[in-house]
Amino acid sequence: MALQRLTELWLAERNRRWALARGAKEYGQGHYPLFFALHLGWLMGWVLEGLWRDQPSGLWGLWLAVFLLAQGLRYWAIATLGPYWNTRILIVPGGRRIQEGPYRYLRHPNYLAVSLELVALPLIFNAWITALVTSLLNAWLLLRVRIPAEEAALRGYQE
């Protein structure tokens, strides 16, 4: 998971440079470190709590299936956005709001996928405290901070 997240940060940085070269403006920079800390805490939390509990969940197969489905949704979203995908909110002049792929059905499929990952992976390892705490923090950050900031920024594509 750490390698996956680091690879995604590399991809996001590459896409950020692409967007900035086209005159992109970044929105919501202030909350970005909160998500970074949340994901770092999540990674450390489920590993440490899983080691402490020393037994996988009795429902590990279910949680693994949820996790794998979330991975599929997330990578479908990333592939659909192409160079517009980022961990930051970047609006490229002349761009448009993507409404293909999973965005045809959901406004924020990547956030749904990550939310499912945050709950499912810890639960595979019986790390329910990590699943609960990170899911609640993530929900608060998404619903109160990130999605409102992103929706406000995306209105620039409609103008």
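Look a little higher up for the structure.
Residues numbered from 1 in each chain as written. Predicted model: local features only at pLDDT ≥ 70, side-chain atom pairs only at ≥ 80, totals over all residues. Heavy atoms only, no water.

Caption draft 1: A nonpolar patch on the surface, seen in detail. Side chains of Trp52, Trp128, Ile129, Leu132, Val133, Leu136 and Leu137 sit close together on the surface and give an oily, nonpolar patch of about 750 Å² of accessible area. It is helix H5 (residues 128–158) that provides the largest number of residues to the nonpolar patch, a total of six residues. Tracing the sequence through the fold places Trp128 in helix H5. With a relative accessible area of 45%, Trp128 lands in the partly exposed category. (Patch = residues over 30% accessible without salt bridge, like charges linked within 9 Å, V, L, I, M, F, W, Y side chains within 5 Å. Areas by Shrake-Rupley, 256 points an atom, 1.4 Å probe, with all protein chains shown as cover. Salt bridge = Lys/Arg side-chain N within 4 Å of Asp/Glu carboxyl O. Helix = DSSP H or I, 4+ residues; strand = E, 2+ residues; numbered from the N terminus. Buried < 20%, exposed > 50% of the residue type's maximum accessible area, 1.4 Å probe, protein only.)

Caption draft 2: Looking closely at the packing of aromatic side chains. In this structure the tally under the stated criterion is three aromatic pairs. Ring plane angle 80 degrees and centroid distance 5.1 Å describe the contact between Trp18 and Tyr84, whose orientation is recorded as edge-to-face. Separated by 66 residues along the polypeptide, Trp18 in helix H1 (residues 2–21) and Tyr84 in the loop between helix H3 (60–81) and strand S2 (89–91) bring together distant segments of the chain. Among the aromatic residues, ring-to-ring pairing joins Trp42, Trp46 and Phe125 into one connected group. Directly above the aromatic system of Tyr75 lies the positively charged group of Arg74, at a separation of 5.0 Å from the ring centroid. The cationic tip of Arg146 hangs over the ring face of Phe35; the distance from NZ or CZ to the ring centre is 5.9 Å. (Phe/Tyr/Trp six-rings, centres within 6.5 Å; stacked < 30°, edge-to-face > 60°. Lys NZ or Arg CZ within 6 Å of the ring centre and 35° of its normal.)

Caption draft 3: Representation of the nonpolar core in the model. Ranked by size, the top nonpolar core spans 16 residues in total, and within it Trp42, Trp46 and Leu121 carry the most contacts. Mapped onto this core, the elements with two or more residues apiece are helix H2 (32–53), helix H4 (109–124) and H5. It is H4 that provides the largest number of residues to this core, a total of six residues. Leaving out residues up to four positions away in the same chain, Trp46 has contacts with Met1, Leu121, Pro122, Phe125, Ala127 and Thr130. Judged by nonpolar contacts, the second largest core, of nine residues, contains Ile89, Ile91, Ala153 and Leu154. (Core = buried A, V, L, I, M, F, W, Y, C linked by side-chain atoms within 4.5 Å. Contact = heavy atoms within 4.5 Å.)

Caption draft 4: Structural context of unusual backbone geometry. For Asn126, which is not glycine, the phi torsion reads 65 degrees and is therefore positive. Position of Asn126 relative to the elements: it lies in the loop between H4 and H5. Residue classification places Asn126 among the partly exposed positions, given a relative accessible area of 27%.

Caption draft 5: Layout of the layout of surface pockets. Looking at the largest pocket, its volume works out to about 920 Å³. As for the largest pocket, its lining consists of 37 residues, and the residues nearest its centre are Trp85, Asn86, Thr87, Asn110 and Arg146. Tallied by class, the residues present in the lining of the largest pocket amount to 22 nonpolar, six polar and nine charged. (1 Å grid on protein atoms, 1.4 Å probe; cavity = no way out; pocket = protein on both sides within 12 Å on 5 of 7 lines; lining within 4 Å. Points joined across faces, edges and corners; volume = space filled by probe spheres on them. Nonpolar A, V, L, I, M, F, W, Y, C, P; charged D, E, K, R; others polar.)

Caption draft 6: Representation of the pattern of salt bridges in the model. Enumeration according to the criterion identifies 12 salt bridges in this entry. For Glu26, the salt bridge goes to Arg88, with nearest N and O atoms at 3.0 Å. With Glu26 in strand S1 (residues 25–27) and Arg88 in the loop between H3 and S2, this pair connects stretches of sequence that are 62 residues apart. Classification of Glu26 as buried rests on a relative accessible area of 17%. One salt bridge in this structure joins Glu150 and Arg146, with 3.6 Å as the shortest N-O distance. Linking Glu150 with Arg146, this pair stays in helix H5, spanning four residues, or about one helical turn.

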